[in-house]
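Next come the chains, spelled out residue by residue.
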Amino acid sequence: MGDKRLLAEKIVYKIIKAYGLSLKSEHIERVLSELVRLEMSEDGMFVVAKNLLDIGESYFFRDLETWKALEGLLEEGKSYRALSLGCSEGEEVYTFKFVAHSRGSSLEILGLDASETRIRKAREGIYSLWKLRRMNEDEIEKYFYKIGDFYRVKDGYRMGTDFVVANVLDGLPSGEYDFILARRLLIYLNEEASLRVLEWISTRLKEDGHLILGKGEVYTEVLKYFEPVNINGAIFWKVKGFGEEEDFQLVEEQFESQERSYISIVRDFINRKMYTQALEYIRRAKEEGFETCELMKYEVIALMYFGDVEGARKVLQETKELFPYCEGLSALERVVE
Ligand SMILES: C[S@@+](CC[C@H](N)C(=O)[O-])C[C@H]1O[C@@H](n2cnc3c(N)ncnc32)[C@H](O)[C@@H]1O
């Protein structure tokens, strides 16, 4: 076991060094224990380690709901500025350009990544078909030139893009942005570093600007500076406190939309069997006054998953008292019996 652990560490730290990654220690530890568990050759372990470390793998139109939501949000004829943190090989930068173009809006976007190799590839804008796997033939033809087996982003979509090699922990590029994407970046940072980056982001977003995280990414750190908003069915994040002078009806609408966002985030966690995150998020939602029958039902389910039958019964009892006409409570009663 000792030798295997040493080999796993050698592989993991070699990859971390090669890709210039700064990963959370819990994440590294999870990868190491998974590698130690596997009966594999060194080469096999290398491949698995790369996958587990989520080595910057990205592709065009990843998180399709996000791009559809963005498309609905952008206004024709308007100009936008965006920043993509942890942009990998530029896939999301160009995807955003395609979306803006199809809406008839103009976009300047800067992609930042710690990896020199990836930024070089982003500037080249040449990709394998695998990276285009979410696009149909018409889209591929519209946005790319074919060069042998590869695809190069057409010049028109490269205009207004820029890329920089930088460590996000050294600070953000200057300027104010309508959108800041930080998708699958915070997993690499510890809590203190995440908070620092999120605070910077909150000062760089325009008043009506949005932070965009990866699908299903919710960290408690985010809630310190941001609140979720439901944009055409996707969760985006707005800086807390912006829009305090809205009239009562708007505040009420915002409250309802936030409530729906909480429910949809928790539902997502439950569907993905991420019960710890679901419970954490329910706690936050309750703290902020979002106590709904749906959330409480999810709480019962999550508590049952952890075998906390007593806790589940208590929450179910509270739910019945607070929301006696809520549907589905009798089915849950049978579960906690
Ligand atoms: C998993 S990829 C995400 C790519 C893309 N945003 C997406 O969601 O598909 C994470 C990227 O973050 C970059 N990264 C990690 N730590 C970073 C840091 N401290 N500063 C800048 N980039 C970093 C990695 O090099 C990698 O390309």
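Up top you'll find the structure we're talking about.
### Some thoughts on the state of the cysteines
The bond known as a disulfide is covalent and runs between the sulfur atoms of two cysteines.
Logical step 1: Applying the stated criterion to the full structure yields one disulfide.
Logical step 2: Between Cys-293 and Cys-326 runs a disulfide, and the two sulfur atoms are separated by 1.8 Å. Taking the sign of the S-S torsion, about -80° here, the bridge from Cys-293 to Cys-326 comes out left-handed. Note that Cys-293 is positioned in helix H13 (residues 293-305) and Cys-326 in the loop between helix H14 (309-322) and helix H15 (329-336), a separation of 33 residues in sequence.
Logical step 3: Given the relative accessible area of 6%, Cys-293 is considered buried.
Logical step 4: Taking relative accessible area as the criterion, Cys-326 reaches 19% and is therefore assigned buried.

### Here's the deal with the layout of surface pockets
Logical step 1: One number sums up the size of the largest pocket: a volume of about 870 Å³.
Logical step 2: Taken together, 26 residues form the lining of the largest pocket, with Arg-30, Ile-187, Tyr-219, Met-274 and Gln-277 sitting closest to its centre.
Logical step 3: If you list the elements that add at least two residues to the lining of the largest pocket, you get helix H2 (25-37) and helix H12 (275-287).
Logical step 4: The leading source of residues in the lining of the largest pocket is H2, at five residues.
Logical step 5: When grouped by side-chain class, the residues that make up the lining of the largest pocket number nine nonpolar, five polar and twelve charged.

### What to know about the site of the ligand
Logical step 1: Around the ligand sit 19 residues in total, of which Ser-58, Arg-62, Asp-113, Arg-118 and Arg-184 are the nearest.
Logical step 2: Glu-92 is positioned with one of its side-chain polar atoms (N or O) 3.0 Å from a nitrogen atom of the ligand.
Logical step 3: When the free accessible area of the ligand is taken as 600 Å², the share hidden by the protein chains comes to 100%.
Logical step 4: Considering only residue class, the shell around the ligand consists of six nonpolar, six polar and seven charged.

### Structural notes on the packing of aromatic side chains
Logical step 1: Applying the stated criterion to the full structure yields 17 aromatic pairs.
Logical step 2: For the pair Phe-60 and Phe-144, a centre-to-centre distance of 5.3 Å together with 85° between the ring planes defines the contact as edge-to-face. Of this pair, Phe-60 sits in the loop between helix H3 (42-52) and helix H4 (64-73) while Phe-144 sits in strand S4 (residues 144-147), and the two are 84 residues apart along the sequence. The two residues Phe-60 and Phe-144 agree in class, both being buried.
Logical step 3: Considering the side-chain rings of Tyr-80 and Phe-179, the 5.9 Å spacing of their centres and the 50° angle between planes classify their relative orientation as tilted. Here the residue Tyr-80 occupies a position in strand S1 (residues 79-85), and Phe-179 occupies one in strand S7 (residues 177-181), the gap between them amounting to 99 residues.
Logical step 4: Relative accessible area serves as the criterion here: at 7%, Tyr-80 is assigned to the buried category.
Logical step 5: Taking relative accessible area as the criterion, Phe-179 reaches 3% and is therefore assigned buried.
Logical step 6: Taken together, the ring pairs in this structure connect Phe-60, Phe-61, Tyr-94, Phe-98, Tyr-127, Tyr-143, Phe-144, Tyr-157 and Phe-163 into an aromatic cluster.

### Brief notes about the packing of H4 against helix H5 (residues 91-103)
Helix packing geometry: the angle between the two helix axes and the distance between the axes.
Logical step 1: Packing of H4 against H5 leaves a shortest axis separation of 9 Å and a crossing angle of 40°. The two elements H4 and H5 cross, and the hand of that crossing is right-handed. On the side of H4, the interface is formed by Trp-67, Leu-70 and Glu-71, while H5 contributes Glu-92, Thr-95, Phe-96, Val-99, Ser-102 and Arg-103.
Logical step 2: For the contact of H4 with H5, a count of residues per class yields four nonpolar, two polar and three charged.

### Focus: helix H6 (residues 116-124)
Logical step 1: Within H6, burial applies to Arg-118, Ile-119 and Ala-122. Taken around the axis of H6, the buried residues stretch over an arc of 100°, which confines them to a single face.
Logical step 2: On the buried face of H6, the contacting elements are H5, strand S2 (106-113), strand S3 (126-127) and strand S6 (161-165).

### Points about the pattern of salt bridges
Logical step 1: For the coordinates displayed, the defined rule picks out 17 salt bridges.
Logical step 2: Glu-91 is the partner of Lys-131 in a salt bridge, and the nearest nitrogen-oxygen pair spans 2.8 Å. With a gap of 40 residues between them, Lys-131 in the loop between S3 and helix H7 (137-143) and Glu-91 in helix H5 connect regions that are remote in the sequence.
Logical step 3: Note that Glu-280 and Arg-283 form a salt bridge whose closest N and O atoms lie 2.7 Å from each other. Here the residue Glu-280 and the residue Arg-283 both occupy positions in helix H12, the gap between them amounting to three residues, near one helical turn.
Logical step 4: Residue Glu-280 is classed as partly exposed on the basis of its relative accessible area of 28%.
Logical step 5: By relative accessible area, Arg-283 is classed as partly exposed at 40%.
Logical step 6: Residues participating in the shared-partner salt-bridge network are Asp-63, Glu-92, Arg-183 and Arg-184.

About the criteria used
Residues numbered from 1 in each chain as written. Predicted model: local features only at pLDDT ≥ 70, side-chain atom pairs only at ≥ 80, totals over all residues. Heavy atoms only, no water. Disulfide = S-S within 2.5 Å. Helix = DSSP H or I, 4+ residues; strand = E, 2+ residues; numbered from the N terminus. Buried < 20%, exposed > 50% of the residue type's maximum accessible area, 1.4 Å probe, protein only. 1 Å grid on protein atoms, 1.4 Å probe; cavity = no way out; pocket = protein on both sides within 12 Å on 5 of 7 lines; lining within 4 Å. Points joined across faces, edges and corners; volume = space filled by probe spheres on them. Nonpolar A, V, L, I, M, F, W, Y, C, P; charged D, E, K, R; others polar. Near = heavy atom within 4 Å. Polar contact = N/O pair within 3.5 Å; in protein donor to acceptor, adjacent residues only side chain to side chain. Areas by Shrake-Rupley, 256 points an atom, 1.4 Å probe, with all protein chains shown as cover. Phe/Tyr/Trp six-rings, centres within 6.5 Å; stacked < 30°, edge-to-face > 60°. Axes fitted to C-alpha atoms, helices over the stretch in contact; angles between N-to-C directions. Left-handed = near helix turned anticlockwise from the far one by under 90°. Contact = heavy atoms within 4.5 Å. Arc of directions from axis to C-beta. Salt bridge = Lys/Arg side-chain N within 4 Å of Asp/Glu carboxyl O.

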